[in-house]
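Working through the structure, step by step
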Amino acid sequence: MKVLVWNENVHEKHDPRVTELYPGGLHSYIASFLESEDVEVVTATLDDEECGITDALLDTVDVVIWWGHMAHGRVPDEIADCVHRHVLSGMGLVVLHSGHHSKVFKKLMGTTCNLKWRDGARERIWTIMPNHPIAEGVDETFVLDPEEMYGERFDIPNPDDVIFLGWFNGGEVFRSGCTWTRGNGKIFYFQPGHETNKSFQNANVQKVIKNAVKWACPVRKNMEIPCPEFMPLEK
């Protein structure tokens, strides 16, 4: 399996707390716990030529992990279109935290993807679909303190599955882990991952991301969805 971890890599340049928690940046840290004998990981950022994303690269990638926040608008439309096209043809996509407002996620959802937010909350995540492959080995409930509050209403189309539900100490709730299918591709959105919090160091969070990559990995890739004129098989 080959995974591309994409991170805009902007906070890392302005806030030393980010690189203190995640040396080398969020992309390098996520890559470090994903890499294994079975998983090859490459990384790319906004600073790379063409944002590090090309058709040729995505032809070889099974799953893209996407983290963005401050610079969604700096991602060219043609790059978002490229990722979108590859998801429809079978590539998996795992969108983390503030990636909910990325161009590619909003294009795939077809909605604003708006939500309530507040920094500096305590979150308890519940695993409400323990039989789902993404929940395998994940605790029934675990706490992230602190984590940025994301609250409903989350303007997304109805998910295929809601696997995790978050509750915050301000009383808010959130669909913290959701799946969709678009074309031939599988999509998973996972809410934890504020850049100045330790969420990606949490064993349950890491397990969810590892499971999500495995779940989203396609059996077949680069499957076009044609629109041919079709002659009858029976006379």
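Residues numbered from 1 in each chain as written. Predicted model: local features only at pLDDT ≥ 70, side-chain atom pairs only at ≥ 80, totals over all residues. Heavy atoms only, no water.

1. Observations concerning the pattern of salt bridges
Stated formally: A pair is scored as a salt bridge if a Lys or Arg side-chain nitrogen falls within 4 Å of a carboxyl oxygen belonging to Asp or Glu. Strands here are runs of E lasting at least two residues and helices are runs of H or I lasting at least four, both read from the DSSP assignment and numbered beginning at the N terminus. Relative accessibility under 20% of the residue-type maximum defines a buried residue, over 50% an exposed one, and the middle range a partly exposed one, all with a 1.4 Å probe and only protein chains included.
Under the definition given, this model contains 9 salt bridges. In this structure, K103 and D77 form a salt bridge, with 2.7 Å as the shortest nitrogen-oxygen distance. Of the two residues, K103 is situated in helix α6 (residues 103-109) and D77 in helix α5 (residues 77-88); the sequence distance between them amounts to 26 residues. Judged by relative accessible area, K103 falls into the partly exposed class, the value being 28%. For the salt bridge of D145 with R122, the shortest nitrogen-to-oxygen distance reads 3.9 Å. Remark: R122 occurs in strand β5 (residues 116-127) and D145 occurs in strand β6 (residues 141-151); sequence separation between them is 23 residues.

2. Description of the nonpolar core
Let me state the cut-off plainly: In plain words, nonpolar cores are sets of buried Ala, Val, Leu, Ile, Met, Phe, Trp, Tyr and Cys residues tied together by side-chain atoms within 4.5 Å. Any two residues whose heavy atoms approach within 4.5 Å are treated as being in contact.
Formed by 38 residues in total, the largest nonpolar core has its most connected members in I53, L58, W66, V83, L93 and F105. Elements represented by at least two residues in this core include exactly β1 (2-7), β3 (63-67), α5, β4 (92-96), α6, β6, β8 (173-182) and β9 (185-190). Excluding anything up to four places from it in sequence, W66 contacts W6, I53, V75, V83, L93, V94, V95, L96, S102 and V104. Formed by 35 residues, the second largest nonpolar core is a distinct cluster that contains I30, L34, V94 and I163.

3. Focus on the side chain of S89
Rules: The term polar contact refers here to a pair of N or O atoms within 3.5 Å; inside protein, the definition further demands a hydrogen-donor-capable atom paired with an acceptor-capable atom, and it admits residues adjacent in sequence only when both atoms are side-chain atoms.
Along the chain, S89 turns up in the loop between α5 and β4. Judged by relative accessible area, S89 falls into the buried class, the value being 13%. A polar contact of 3.0 Å, which involves the side chain of S89, links it to the backbone oxygen of H86. In this structure S89 touches N184, K221, N222 and M223, once residues within four positions along its chain are discounted.

4. A short note on helix α3 (residues 26-34)
With 7 of 9 residues buried, α3 lies mostly within the body of the structure. Along α3, the positions that sit buried rather than exposed are L26, H27, Y29, I30, A31, F33 and L34.

5. Considering a nonpolar patch on the surface
Basically, it comes down to this: By definition, no residue in a patch forms a salt bridge, and every one has over 30% relative accessible area; like charges are joined within 9 Å, nonpolar side chains (Val, Leu, Ile, Met, Phe, Trp, Tyr) within 5 Å. Per-residue accessibility takes into account occlusion by the displayed protein chains alone, with areas from the Shrake-Rupley method and a 1.4 Å probe.
Taken together, W126, I128, L165, W167 and V173 make up a surface patch of nonpolar side chains, about 420 Å² in accessible area. Its location among the elements puts W126 in strand β5. Judged by relative accessible area, W126 falls into the partly exposed class, the value being 36%.

6. Quick notes on the sheet that holds β1
The following threshold applies: What makes two strands pair is DSSP finding at least two bridges between them. Axes, fitted as lines to C-alpha atoms, cover a helix only where it is in contact. Angles between the N-to-C directions of the axes lie from 0 to 180 degrees.
In space, the 9 strands of this open sheet follow the order β2-β1-β3-β4-β9-β8-β7-β5-β6, with mixed pairing throughout. Two strands lie at the open edges of the sheet, namely β2 (40-45) and β6, each paired on one side alone. Averaged over all neighbouring strand pairs, the angle between strand axes comes to 25°, with direction disregarded. The strands touched by α5 within the sheet are β3, β4, β8 and β9, with β9 carrying the most contacts at an inclination of about 120°. Running over the sheet, helix α7 (residues 203-216) touches β1, β3, β4, β6, β7 (161-168), β8 and β9 and is turned about 170° from β9.

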